[in-house]
Amino acid sequence: MLACPSTNTFHGGATLHHHHHHRRSQPPCLFLPFRPHFGFAKEGKCRSRSLSLLFSGNNNRNGFAVRASTEPSDDKNSDGATHIAPQPYSVKIPVGDRHILVETGHIGRQASASVTVTDGETIVYTSICLDDAASEPSDFFPLSVNYQERFSAAGRTSGGFFKREGKAKDHEVLTCRLIDRPLRPTMPKGFYHETQILSWVLSYDGLHSPDSLAVTAAGIAVALSEVPVSEVVAGVRVGLVGDKYIVNPTTEEMEKSELDLVLAGTDSAILMIEGYSNLLPEEKLLKAVEVGQDAVRAICKEVEALVKKCGKPKMFDAIKLPPPELYKYVEEIAGDELLKVLQIRNKIPRRKAISALEDKVLKILTENGFVSNDPTLRSNAETIAEILEEEDEDEEVIVDGEVDEGDVHIKPTSPRPTQLFAEVDVKLVFKEVSSKFLRKRIVEGGRRSDGRTPNGIRPINARCGLLPRAHGSALFTRGETQSVAVVTLGDKQMAQRIDNLIDVEEYKRFYLQYSFPPSSVGEVGRIGAPSRREIGHGMLAERSLEPILPPEDDFPYTIRVESTITESNGSSSMASVCGGCLALQDAGVPIKCSIAGIAMGLVLDTKEFGGDGTPLILSDITGSEDASGDMDFKVAGNEDGITAFQMDIKVGGITLPIMREALLQAREGRKHILGEMMKCSPPPAKSLSKHAPLIHIMKVQPERINLIIGSGGKKVRSLIEESGVEAIDTEDDGTVKITAKDLSSLERSKAMISSLTMVPTIGDIYRNCEIKSIVPYGAFVEIAPGREGLCHVSELSSGWLAKPEDAFQVGDRIDVKLIEINDKGHLRLSHRAMLPATESENSNSQPTSELPIDTAELQKSTDKGSSKKVNSLAKDGLAEGKSKQPRDKIGKVRVSSKRSSEDDSVIPSKKFIRKLVSPSEDKPSMNKDDVKRSNNEAFGGVSGKDENSLVSGEA
């Protein structure tokens, strides 16, 4: 509509500035699109007889809405007007025990509004932009939110190949939802300019979380922009450490907190809460909400003062609502039939009946000339009606039968309708009327569509053991909502890796993945990556079940839960909680208690629908009650407390008394659901599935972990291959997790690792050990898999040997005793100490070269001088050196297959021990402390038990 000469302002007082648009060239004269609601005050309205004259000379073919420009600029435009650059503003707002800094006008000045919010050294930058053209009307506001955590904020780069941020991570998607949910209900109906909010974390100090800060930054940006929102939205996090509630706690404080609550709202009402706790009572949760609401109220008051200084004029005149008359027409046509349709209990028949009734209303209005398919009609409806009205005043309508002869014959016409409606308006109004009738039926009749009372719960049916090969499975059905929950158990390799701003690897041992196929609602749709809704619902169910899981030390499995929604009619996320809990029990996970979830609804202003004005709270809401109601409040927990909660509001917000009543009613609903879950048939197995892997945890000394891993992981790979296990995971603290499919491979791997990581102690005896290699100065003997020691040639025989090959060959098996560990950890073994002793040794004399009667190979050592050589070697060979190793004894006694029982009976343990502590042999090579320690080790190294048992401890 061409601006009237008498005025140059929009309805709302925004002054028009003639300037060139940055996207396309505009003529010097400013034209407004032909819109009934985006014009001037009625008293200043100008009328025109021709529509074509309104758009002459205008290149704007799409009818873009022109906004009042408040973009300041230092440059002069074609008219010579000078724009003033925006002045930067900043304000410090007290939040909790510190201040946050809000700045605007510094960065992003071409956006509709942009702010930076600083908490400590964490900085979040948020911008908001609006499309110039209004999009097609729909039943939701065209708002999109994107949140990104830049790795550079913490001095890092992305780990990907391209070294840049890519697909949004799950926790970024969850933050987008935190921003979107409190802002959407504040957006006015009828405003269809696409709005985009972009938020980046520019700096992160590791202490101050950016997610709640991003909610506040987005609320401030919307308040400063042209979006016609009159209320300021802010968000905070509340923690509970001991008995103290903390607003915006640091990450260190959150590690000790019993509660993680994110709350957003205005200065007068709560719009969104989401949080997780460890079975927290309702009263403590309400107190936390009260603390958070006080903090939000203080932020909103400070921001309102900022908006008065530098906020932009609001686009209230861009709001386009359906004509009021249309509501009356739709109610007259569909009212009586709509009451009957809403009483249909099943979802699919009810949905089809409502859709058919909508088509009927549209058809009747079209046949009567009230509806046109012209897409531009909605924008021009008011002006067309005015033009038709003026033309009717000028034309003479000749009634049939009243035409005189000789007069000009004018064809009789029926009066045109005073107003035409667009098809999209009819659909929007029909949806609102249906919602109104549904709420009226609930309030007046006290009965819902399926016949339940406001606090009634739908019928529940559950069964476990649904899938024979799965580790755990359950089918949970509540009314027309159904979830198939499957549990899979695995090792650390199955854990979910989390990439965060802090340079610390984080692994999740428990995660729940939720999927919502289009078939669950009887529709055809696209299957692809999980949507934001699926990620959000999955996280809510995951955090609901997490507090009841056993510690990792008691149950060392990685747990994955899949919830596939096979039917949906409201509260599918809470069905995932119930089904997931049963599936965990079926998999044999020793959970602490059972958990159930329920979704609560609300009809706020009941006086409008025939009630007394008291808010009506609904338990276990269906999909239609969610869409038509004022609240969706999901609560999970047991009869003692709450583990997770999430509330979304579709109106201006609710108060604490309403929330208290909803929480108490939800607790009664959970008790009922838990009772029904106990009736599950067949019940959960509550034992580990035979198809689940076996996991064994063992502890070794941390410094010996490298012996298991080996160079480049070679050793651990060989252990996995030789033992047949699936995986061997090691940790720096000495924890070793062995995952196997069967018990035999698990035991084999345990024995190999125990032998590999044992701590040898002087005096330990190893039997039936294989000679792995022979060198000129001795033989290397394997006392355990991967552990070898040197048996010097002087210790291979009690007589003199010229070279080891004279008595032994590679592959022979002998019994040895550990006599020394040097500073480098090398082991020195003795076979001579295991040979029979002579009579002279029993009388504390020097050892001789007497040979055992059954060793024919060593008879060569009886020549002259052999006795002298043996005596000199004994002083070196039997000397026990100092050892820095721990005194844990981890050897295994091995029985030689080449020795007979007679050989073992010839060498009693007592006689062997007396030989070890003979002062004539030990004193020359040890001081007093060494002698004392060696004696203790020698006595401790031999057990009175059978030789096949562990004589020096376990790994």
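Before reading on, note that the structure itself is shown above.
The structure reproduced in this document is the subject of the present report. Quick caveat: nothing in here was measured; it's all calculated off a predicted structure.

### Some thoughts on the sheet that holds strand S5 (residues 143-149)
Taken in spatial order, the six strands line up as S1-S2-S3-S4-S6-S5 in an open sheet, and their pairing is mixed. What marks the edges here is a single partner per strand, and that holds for strand S1 (89-95) and S5. Strand-to-strand twist in this sheet, taken as the mean axis angle between neighbours without regard to direction, amounts to 20°. Pairing of S1 with strand S2 (residues 98-104), which is carried by seven bridges, proceeds in the antiparallel orientation. Bridge pairing in S2 links Val-95 to Arg-98. Set on the sheet, helix H4 (residues 282-310) makes contact with S1 and S2; between it and S1 the angle comes to about 170°.

### A few points about the pattern of salt bridges
Considering all chains together, one arrives at 39 salt bridges under this definition. Here Glu-331 ties to Lys-436 by a salt bridge, and the two come within 3.4 Å at their closest N and O atoms. Note that Glu-331 is positioned in helix H5 (residues 324-341) and Lys-436 in helix H8 (residues 423-445), a separation of 105 residues in sequence. You can call Glu-331 partly exposed: its relative accessible area is 29%. Residue Lys-436 is classed as partly exposed on the basis of its relative accessible area of 33%. A salt bridge links Lys-737 to Glu-552; its shortest N-O distance comes to 2.5 Å. Of this pair, Lys-737 sits in strand S26 (residues 735-740) while Glu-552 sits in the loop between helix H9 (532-545) and strand S19 (558-567), and the two are 185 residues apart along the sequence. Look at Lys-737 and you get buried, because its relative accessible area is 9%. Beyond isolated ion pairs, a larger network of salt bridges with shared partners links Asp-450, Arg-452, Arg-458, Arg-478 and Asp-620.

### Some details on the packing of aromatic side chains
Following the criterion strictly, the structure yields seven aromatic pairs and no others. Centroid distance Tyr-125 to Trp-200: 5.5 Å. Interplanar angle 10°. Geometry classified as stacked. One end of the pair, Tyr-125, is in strand S4 (residues 122-134); the other, Trp-200, is in strand S6 (residues 193-203), with 75 residues separating them in the sequence. Residue class for Tyr-125 comes out buried when judged on its relative accessible area of 11%.

Conventions used here
Residues numbered from 1 in each chain as written. Predicted model: local features only at pLDDT ≥ 70, side-chain atom pairs only at ≥ 80, totals over all residues. Heavy atoms only, no water. Pairing = 2+ DSSP bridges. Helix = DSSP H or I, 4+ residues; strand = E, 2+ residues; numbered from the N terminus. Axes fitted to C-alpha atoms, helices over the stretch in contact; angles between N-to-C directions. Contact = heavy atoms within 4.5 Å. Salt bridge = Lys/Arg side-chain N within 4 Å of Asp/Glu carboxyl O. Buried < 20%, exposed > 50% of the residue type's maximum accessible area, 1.4 Å probe, protein only. Phe/Tyr/Trp six-rings, centres within 6.5 Å; stacked < 30°, edge-to-face > 60°.

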